[in-house]
Amino acid sequence: MYKCIIRRLAQGVVIVLVVSFICFTIFQFFGDPVLTLAGRYATQKQQEEVRIKLGLDKPFYIQYSVFLKNALHGDFGLSYVTQTPVLGLILERLPASIELAIMAMIISLTLGITLGVLTSLNPNSLINRVIMAASLFGISLPTFLIGILFILIFAVLLGLLPPFGRGEVIKIVGNWRISLLTLDGLQHLILPAFTLGVYQLAVLLRLTRGGMLEVLREDYIRTAWAKGLPARVVVFKHALRNALIPIVTIAGLQLGELIAFSIVTESIFQWPGAGNLLLTAVYETDHPVIVAYVMITSIIILCANLVVDILYRFINPKIRYD
């Protein structure tokens, strides 16, 4: 087990290096930040001064080696726009994105697994058919449309929840602030969390239902029913546990994706997270912020995958790692 973890960590280091190189290469052709920073009416001399100041006059391999050397020490450089450390900018916004992603994941896991189990027990009932039809809408509708519909229904028409912003937050440690501990913050979190989690909820629901329908046909489940075991023991201990492997796999992958790719949801609800920061960086051609964001989110996704691999061992003791 420990050898497997060390091997995965080594693979993760290689992947992050490859990702950083690809990003650094692509963004060389993504637009010239000098034109944005120097201004539309800057002279050639002024543009050249800005280029030298940012180190963009050096060859590509020198720029990348300097960036990599600094990144290994936690220094991702300065933002071209704000002239402040990139890592500080991202870490200031990251707690909001993590909070939003975790809440969306809790919602999708809780409702997805619960509804998936219920629909698998009586798949032909009317209510279960309605639930499955609704899950198709969750998979088919784009996130921005779901967010707009939620705002229209719950904020504009019903006036139950605020349409945008993060609300009141409480400072925990350093720059880490959360909104879950305040009523106002929790109200602001509900709509974006549901918007972000709807697609994952629908996927987990259908995945759980399919896995449960397959497991419930197994001989050992029939034996458990024949022994007269309580329904909760048969369903949750024997059936659900054996259907959890693909569910945990998808959930682990989705958590990283929720943190990394919540850009649309954060934009719709004006959520002050790292996704909104990335969107602004793309508009302003702020390459250091973009590259650092991609690297940090890659590390988060790799860690999520490692946790999933470890959870396999606890869900199914038969799984062994060489």
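First, a word on what this report is: a plain description of the structure on this page. (Residues numbered from 1 in each chain as written. Predicted model: local features only at pLDDT ≥ 70, side-chain atom pairs only at ≥ 80, totals over all residues. Heavy atoms only, no water.)

Quick look at the packing of aromatic side chains
- Tallied over the entire structure, the rule returns two aromatic pairs.
- Judged by centre distance (5.4 Å) and plane angle (85°), the rings of Phe21 and Tyr64 are edge-to-face. Note that Phe21 is positioned in helix α1 (residues 2-26) and Tyr64 in helix α4 (residues 60-71), a separation of 43 residues in sequence.
- On the basis of relative accessibility, which here comes to 41%, the residue Phe21 falls in the partly exposed class.
- Aromatic pair Phe150 and Phe154: ring centres 5.8 Å apart, planes at 70°, arrangement edge-to-face. (Phe/Tyr/Trp six-rings, centres within 6.5 Å; stacked < 30°, edge-to-face > 60°. Helix = DSSP H or I, 4+ residues; strand = E, 2+ residues; numbered from the N terminus. Buried < 20%, exposed > 50% of the residue type's maximum accessible area, 1.4 Å probe, protein only.)

Some words on helix α6 (residues 126-140)
- Taking 1.5 Å as the rise per residue, α6 with 15 residues should run 21 Å; its terminal C-alpha atoms sit 21 Å apart, in good agreement.
- Taken together, the buried positions of α6 are occupied by Asn128, Ile131, Met132, Ser135 and Gly138. Along α6, the residues classed as buried sweep out an arc of 105° about the axis, all on the same side. Away from its buried face by more than 90 degrees, α6 exposes Leu126, Phe137 and Ser140.
- Looking at the buried positions of α6, the neighbouring elements they touch are α5 (86-121), α7 (143-157) and α8 (183-215). (Expected span 1.5 Å × (residues − 1). Arc of directions from axis to C-beta. Contact = heavy atoms within 4.5 Å.)

Structural notes on a nonpolar patch on the surface
- Taken together, Phe144, Leu145, Ile148, Leu149, Leu152, Ile153, Val156, Leu157, Leu158, Leu160 and Val264 make up a surface patch of nonpolar side chains, about 990 Å² in accessible area.
- A total of eight residues in the nonpolar patch trace back to one element, the largest contributor, which is α7.
- Looking at the secondary structure, you find Leu145 in helix α7.
- Overall, Leu145 belongs to the partly exposed group, its relative accessible area being 31%. (Patch = residues over 30% accessible without salt bridge, like charges linked within 9 Å, V, L, I, M, F, W, Y side chains within 5 Å. Areas by Shrake-Rupley, 256 points an atom, 1.4 Å probe, with all protein chains shown as cover. Salt bridge = Lys/Arg side-chain N within 4 Å of Asp/Glu carboxyl O.)

With respect to the pattern of salt bridges
- Within the structure shown, the criterion is met by two salt bridges.
- A salt bridge links Arg166 to Glu99; the nearest nitrogen and oxygen atoms lie 2.9 Å apart. Here Arg166 is found in the loop between α7 and β1 (170-173), whereas its partner Glu99 is found in helix α5, with 67 residues between them in sequence. Exposure class is identical for Arg166 and Glu99. Each is buried.

Remarks on the packing of α5 against helix α13 (residues 274-283)
- As a packed pair, α5 and α13 sit with axes 7 Å apart at the nearest point and diverge in direction by 135°. When the interaxial angle is binned, α5 and α13 end up oblique. Between α5 and α13, the contacting residues are Leu89, Ile90, Arg93, Leu94 and Ser97 on the first element and Ala274, Gly275, Asn276 and Leu277 on the second.
- Here the residues of the contact of α5 with α13 sort into five nonpolar, three polar and one charged. (Axes fitted to C-alpha atoms, helices over the stretch in contact; angles between N-to-C directions. Parallel < 35°, antiparallel > 145°, perpendicular 65-115°, else oblique. Nonpolar A, V, L, I, M, F, W, Y, C, P; charged D, E, K, R; others polar.)

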